[in-house]
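# Close look at the chain arrangement
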Amino acid sequence: MFDEIRFNTIERLPNYVFAEVNAIKLAARRAGEDIIDFSMGNPSGKTPQHIIDKLCDSANKEKTSGYSASAGIYKLRLAICSWYKRKYQVELDPETEAVATMGSKEGFVNLARAIINPGDVAIVPTPAYPIHTHGFILAGGSVSKMPMYYNDKFELDENKFFESLEYTLRESEPRARYLVVNFPHNPTTVTVQKSFYERLVKIAKKERFYIISDIAYAELTFKGYKTPSILEVDGAKDVAVECYTLSKSYNMAGWRVGFLVGNKRLISALKKIKSWLDYGMYTPIQVAATIALDSDQSCVEEIRKIYEKRLEITVDAFGNAGWNLLEPSASMFIWAKLPPQKAHLKSLEFSKQLLQKAQVAVSPGVGFGEAGDEYVRIALIENENRIRQAARNIKKYLKE
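Everything numeric in this text was worked out from a predicted model, so none of it was measured.

### Examining the overall build of the chain
Along its length, the chain carries 13 helices and 12 strands. For a compact globule of 400 residues, the expected C-alpha radius of gyration is about 21 Å, and the chain comes in at 21 Å, within 12% of that figure. Across its three principal directions, the C-alpha atoms of the chain cover 60 × 60 × 55 Å. Counting every position in the chain, which comprises 400 residues, the buried fraction comes to 57%. Pairs at least 24 apart in sequence give 76% of the contacts found in the chain among residues at least 6 apart. Averaged over its 54 positive side-chain charges, the chain has a centre that lies 1 Å from the centre of its 48 negative ones.

Pasting the structure below:
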């Protein structure tokens with residue numbers, strides 16, 4: 001009898017491709033194997049001490065263990081707006097244009113739940129971070145995918161992007177109401193310039209759709225590149241919101257702190273649905289996050305340099321092992337094309353073999369969409385010694 005009850009939302013979700021690799025990885029570890037893990041973007045460093053100290057100080061005070069504010073305490077929202085003012089010269093109202101979230105992923109999913117009507121269409125360039133696609137599906141919407149074009153330097157080809165966008169808008173039925181952009185991009189690491197957002201805002205106003213911009217890796221940039229914000233563009237707040245997380249820049253992944261800013265209507269919708277669903281983050285975490293955003297940012301530069309050094313070592317060591325990788329100018333990942341001698345395997349089988357034969361875990365590109373099946377994503381989360389050991393293991397595997 002109960003088997004007849006269908007869970008339609010869950011059934012719309014595909015099987016999680018990464019689960020296969022994760023299962024092999026866990027089995028290997030239980031068997032005592034030493035797995036060098038580049039599969040998940042999980043920062044390995046310690047949270048800066050001054051942020052930890054503030055958490056402990058706040059936790060030891062009276063009245064900080066009760067329910068908090070679902071939209072974020074006022075001082076945190078003020079710090080978010082001050083961060084945008086310092087970094088991007090963007091003015092934001094902490095009352096109406098900013099909301100704190102339990103990581104950017106929670107904010108993104110709940111925003112989709114708040115604004116999507118059944119059947120609404122969102123456009124998502126592919127390959128894509130899975131929640132950028134499935135957040136809308138979970139909310140009862142539909143997703144129209146479009147290819148993303150970029151060069152060997154992982155720079156977006158703006159002209160091809162907008163040609164593809166205009167085609168997708170014409171072909172979408174019903175008309176698309178939302179577009180997700182994510183630069184620096186996960187998984188491909190692709191970057192854009194401010195000119196891209198200027199064109200995008202104009203089209204969004206003309207075609208009447210909202211833009212959701214994700215800049216989770218904004219601070220992790222190399223070779224002089226600086227991440228722009230869509231909100232730097234005049235009039236962007238009429239059509240756009242932007243999300244960010246403290247997970248990578250401050251080594252605070254497990255703390256679950258993020259935020260969305262921008263368009264008042266979308267921010268209001270998110271605040272309203274969150275008021276029904278949660279009581280906000282633990283107040284001492286919000287207080288510590290305020291200090292993270294407001295205090296000396298030299299810790300962010302130190303973390304950025306660690307990723308830059310890991311990138312250089314990985315490209316050099318893997319290249320010497322026979323796997324030539326192209327360097328991105330931002331993010332904590334390398335979007336690595338399969339070695340020519342293993343290209344026939346495609347990304348999932350290659351990832352399995354790399355794990356079983358070289359004890360190295362990566363994320364299969366197909367997990368980010370079919371367009372990623374010739375690639376794997378390598379997260380820059382291991383130290384220098386582990387990277388070099390991985391390269392030695394890979395060299396033996398590639399010589400088989």
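We are not done yet, so read on.
### Concerning the sheet that holds strand S11 (residues 363-364)
A sheet is described by the order of its strands in space; here three strands give the open sequence S9-S12-S11, paired in antiparallel fashion. In this open sheet, the two edge strands, each paired with only one partner strand, are strand S9 (333-337) and S11. Examined bridge by bridge, S9 and strand S12 (residues 375-379) share five bridges and lie antiparallel to one another. In the strand pairing of S12, Ala-336 is matched with Val-376.

### Observations concerning the pattern of salt bridges
One pass over the structure, following the stated rule, counts 22 salt bridges. With its nearest N and O atoms 3.2 Å apart, the salt bridge here joins Lys-205 to Asp-238. Taken together, the positions of Lys-205 in helix H8 (residues 194-207) and Asp-238 in the loop between strand S6 (210-214) and strand S7 (240-245) put the pair 33 residues apart, joining distant regions of the chain. When its relative accessible area of 39% is taken as the criterion, Lys-205 is described as partly exposed. Ionic contacts of the salt-bridge type, sharing partners, join the residues Lys-25, Arg-29 and Asp-37 into one network.

### Focus on the pairing of strand S5 (residues 178-182)
Within S5, five of the five residues are buried, which leaves the element mostly enclosed by the surrounding structure. As paired strands, strand S3 (residues 121-126) and S5 are joined by two bridges and run parallel to one another. If you follow Ile-123 over to S5, its bridge partner there is Leu-179. Relative to S6, S5 runs parallel, the two sharing five bridges. Within S6, the position partnered with Asn-182 by the bridge is Asp-214. In this region the chain leaves S5, passes through H8 and returns to the parallel neighbour S6; the handedness of that crossover is right-handed.

About the criteria used
- Residues numbered from 1 in each chain as written.
- Predicted model: local features only at pLDDT ≥ 70, side-chain atom pairs only at ≥ 80, totals over all residues.
- Heavy atoms only, no water.
- Helix = DSSP H or I, 4+ residues; strand = E, 2+ residues; numbered from the N terminus.
- Rg over C-alpha atoms; globule rule 2.2 N^0.38 Å.
- Buried < 20%, exposed > 50% of the residue type's maximum accessible area, 1.4 Å probe, protein only.
- Contact = heavy atoms within 4.5 Å.
- Lys, Arg positive; Asp, Glu negative; His and termini not counted.
- Charge placed at Lys NZ, Arg CZ, Asp CG, Glu CD.
- Pairing = 2+ DSSP bridges.
- Salt bridge = Lys/Arg side-chain N within 4 Å of Asp/Glu carboxyl O.
- Right-handed = clockwise from strand over helix to strand, strands pointing away.

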